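Listed below, chain by chain, are the residues.
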Amino acid sequence: MGYISLDFRPAITKAELAKLRKLAADMEAGQHLSITLERQDAHQADEILNILRENNYNCQTKGGHSDDDFFIKAKKED
């Protein structure tokens, strides 16, 4: 199983979202994806989660131990 980590700090751009769309479509079932973004960008997590769900990912969100980070953990399902 593969594990890929993406860091969308300090800002989420259209280019990063396009990269995520391609990556999410190309990953195989069972692979894991971790995305880090700044807590103040957490309102943009919906767009990221929509991309992942459209590509059959099971997703969980979590705030970080510091007040600055927000995480999305995802696993591609069959």
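Residues numbered from 1 in each chain as written. Predicted model: local features only at pLDDT ≥ 70, side-chain atom pairs only at ≥ 80, totals over all residues. Heavy atoms only, no water.

Draft legend 1. The sheet that holds strand β1 (residues 3-7), seen in detail. Pairing is mixed in the open sheet, where four strands are placed in the order β1-β2-β4-β3. Edge positions in the sheet fall to β1 and β3 (57-63), since each has one partner strand and no second. Across the sheet, the mean angle from the axis of one strand to that of its neighbour is 15°, orientation sign disregarded. For β1 and strand β2 (residues 32-38), the ladder comprises five bridges, and the chain directions are parallel. By the bridge assignment for β2, Leu6 is matched with Ile35. Taken strand by strand, helix α1 (residues 14-26) contacts β1, β2, β3 and β4 (69-76), and its axis lies near 170° from that of β1. (Pairing = 2+ DSSP bridges. Helix = DSSP H or I, 4+ residues; strand = E, 2+ residues; numbered from the N terminus. Axes fitted to C-alpha atoms, helices over the stretch in contact; angles between N-to-C directions. Contact = heavy atoms within 4.5 Å.)

Draft legend 2. Here's a closer look at the environment of Ala18. Tracing the sequence through the fold places Ala18 in helix α1. Along the chain, Ala18 and Asn55 lie 37 residues apart, while their C-alpha atoms are 13 Å from each other.

Draft legend 3. Structural detail: α1. The terminal C-alpha atoms of α1 lie 19 Å apart, and with 13 residues this matches the ideal 18 Å at 1.5 Å per residue to within 8%. All of the buried residues along α1 are Leu17, Leu20 and Ala24. Buried residues in α1, looked at end-on, bunch into an arc of 55°, giving them a common side. Facing away from the buried side of α1, by more than 90 degrees, are the exposed residues Ala15, Lys19, Lys22 and Asp26. Structurally, α1 contributes buried residues whose contacts are with β1, β2, α2 (45-54), β3 and β4. (Expected span 1.5 Å × (residues − 1). Buried < 20%, exposed > 50% of the residue type's maximum accessible area, 1.4 Å probe, protein only. Arc of directions from axis to C-beta.)

These values are about where atoms sit, not about what they do.
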